[in-house]
Amino acid sequence: MSAPEISRPESRIGLGLGANLGDPAENLRRAVAALRAAGIAFDALSSLYATPPWGVTDQPDFVNACALARTRLAPLNLLDLLKTTERALGREETRRWGPRIIDIDLLFYDDLISRDDRLVLPHPGLLERAFVLVPLAEIAPDLNIAGARLADAARGADASGIRRLTSFFPETPFKNGA
């Protein structure tokens, strides 16, 4: 007789997505499709936002979005999935905060606080970076992270240069028989 399979409860996660090479909006959509195929259940996707580069400014603007999702993966297994997905979509390591075809960050994992060499949660700088706060507050304004309500943190962040582009998945006209 084999041991019973232990099912891990679902955890609520927040993801930050960004890209500024190739077709950035399509790169974000491809990342979500790949993660869905890998078993991540998406509950909400923010709009797409054009954002000025942060950290290293001599590069094209980014397209950023955030997602709320659920997973049964343990935090480090989820991190491995995110990194594997980035590589599968063509991400290559470049300079820190440099241009990229895709970037997928784990922003939070339930209320977990982690401070080790592989994973810091909540994501460092989350509450100071408008390119994350604006889209995340769009889909979870009342969520509290590290004692701060997202809508309040977003209002207090410098959002100059950030502009909403479109919904994550652009509406397609309904066609009979489609």
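Along each chain, residues carry numbers from 1 onward, in the same order as the chain's sequence is written. The predicted nature of this model means local features are confined to residues of pLDDT at least 70 and side-chain atom pairs, given and counted, to a pLDDT of 80 or more, with totals for whole chains, interfaces and linings taken over all residues. For side-chain calculations, the full set of non-hydrogen atoms in the structure is used, while hydrogens and water are omitted.

Visitor: So what exactly am I meant to see when it comes to unusual backbone geometry here?
Guide: Cis geometry marks the peptide bond from Leu121 to Pro122, where omega comes out at -10°. Structurally, Pro122 is set in the loop between β7 (120-121) and α3 (130-139). Phi at Asp110 is positive, roughly 50°, even though this residue is not glycine. If you trace the backbone, Asp110 turns up in the loop between β5 (103-109) and β6 (114-115). Working definition: helices are DSSP H or I runs of at least four residues, strands are E runs of at least two. Numbering for both runs from the N terminus.

Visitor: Can you walk me through the packing of aromatic side chains in this structure?
Guide: Each aromatic ring pair is characterised by the separation of its centres together with the angle its planes make. Ring pairs are drawn from Phe, Tyr and Trp, using the six-membered ring of Trp, whenever the two centres fall within 6.5 Å, and their geometry is named by plane angle: stacked under 30 degrees, edge-to-face over 60, tilted for the rest. In this structure the tally under the stated criterion is 2 aromatic pairs. Ring geometry for Trp54 versus Phe131: centroids 6.4 Å apart, planes at 55°, classification tilted. Here Trp54, found in the loop between β3 (48-51) and β4 (62-71), pairs with Phe131, found in helix α3; they are 77 residues apart in sequence, far enough to count as distant. An angle of 70° between the planes, with centres 5.0 Å apart, marks the rings of Phe168 and Phe169 as edge-to-face.

Visitor: How should the layout of surface pockets be read in this particular structure?
Guide: Cavities and pockets were defined on a 1 Å grid built from protein atoms only: a cavity is a group of points that admits a 1.4 Å probe but offers it no way out, a pocket is an open group of points flanked by protein on both sides within 12 Å along at least five of seven lines, and a lining residue is one with an atom within 4 Å of any such point. Grid points are joined across faces, edges and corners, and a volume is the space filled by probe spheres set on the points. Put simply, the largest pocket is a space of about 890 Å³. Along the wall of the largest pocket there are 39 residues; nearest its centre are Trp97, Arg100, Asp103, Asp105 and His123. Among the elements of the structure, β1 (11-19), β4, α2 (75-88), β5 and α3 are those that each provide at least two residues to the lining of the largest pocket. Among the elements that make up the lining of the largest pocket, the one with the highest residue count is β5 (5 residues). Three classes are used: nonpolar for Ala, Val, Leu, Ile, Met, Phe, Trp, Tyr, Cys and Pro, charged for Asp, Glu, Lys and Arg, and polar for all others, with Gly counted as polar. Partitioning the lining of the largest pocket into residue classes produces 18 nonpolar, 6 polar and 15 charged. Put simply, the second largest pocket is a space of about 280 Å³. Lining of the second largest pocket is provided by 18 residues; of these, Phe108, Pro122, Asn144, Ile145 and Ala146 occupy positions nearest its centre.

Visitor: Looking at this structure, I do not really get the confidence of the model for the protein chain. What am I missing?
Guide: Mean pLDDT over the protein chain works out to 89, with 91% of the residues at or above the 70 mark. Within the model, pLDDT remains below 50 along residues 1-5, and this stretch shows 0 contacts once partners closer than five positions in the same chain are excluded. The predictor reports its confidence for every residue as pLDDT, a score running from 0 up to 100. Every residue pair with non-hydrogen atoms within 4.5 Å of one another is taken to be in contact.

Visitor: Mind showing me how you'd approach helix α1 (residues 24-37) here?
Guide: Residues separated by three or four positions in an α-helix point in the same direction, a consequence of the helix having 3.6 residues per turn. Helix length check: α1 (14 residues) gives 20 Å between terminal C-alpha atoms against 20 Å at 1.5 Å per residue, within 8%. Along α1, the residues classified as buried are Pro24, Ala25, Asn27, Leu28, Arg29, Ala31, Val32 and Leu35. Backbone geometry just after α1 places Gly39 at a positive phi near 105°. Each helix should span, by expectation, one fewer than its residue count multiplied by 1.5 Å. Working definition: with a 1.4 Å probe on protein chains only, accessible area under 20% of the residue-type maximum means buried, over 50% means exposed, and in between means partly exposed.

Visitor: How should I be thinking about the pattern of salt bridges in this particular structure?
Guide: When a carboxyl oxygen of Asp or Glu lies within 4 Å of a side-chain nitrogen of Lys or Arg, that pair is called a salt bridge. For the structure shown, the criterion picks out 11 salt bridges. A salt bridge links Glu86 to Lys83, with the shortest nitrogen-to-oxygen separation between them at 3.4 Å. Placement of both Glu86 and Lys83 in helix α2 is noted, with a separation of 3 residues, approximately one turn of the helix. One salt bridge connects Arg149 with Asp142, and the closest N-O pair in it is separated by 2.7 Å. Classification of Arg149 as partly exposed rests on a relative accessible area of 28%. Asp142 sits in the exposed class, given a relative accessible area of 53%. Taken together, the shared-partner salt bridges in this structure form one network comprising Lys83, Glu86, Arg91, Arg100 and Asp103.

Visitor: Is there a simple way to explain the pairing of β1 in this structure?
Guide: Consecutive side chains of a regular strand alternate in pointing toward one face of the sheet and then the other. Of all 9 residues in β1, 8 are buried; the element is thus mostly enclosed. Bridge analysis of β1 against β4 gives 9 bridges, and the strand direction is antiparallel. Residue Arg12 lies in a different strand from β4, and its bridge partner there is Arg70. Two strands form a pair only when DSSP identifies at least two bridges running between them. In this sheet, β5 lies alongside β1 in antiparallel orientation, the contact comprising 6 bridges. In the sheet register, Leu17 faces β5, and the bridge partner there is Ile104.

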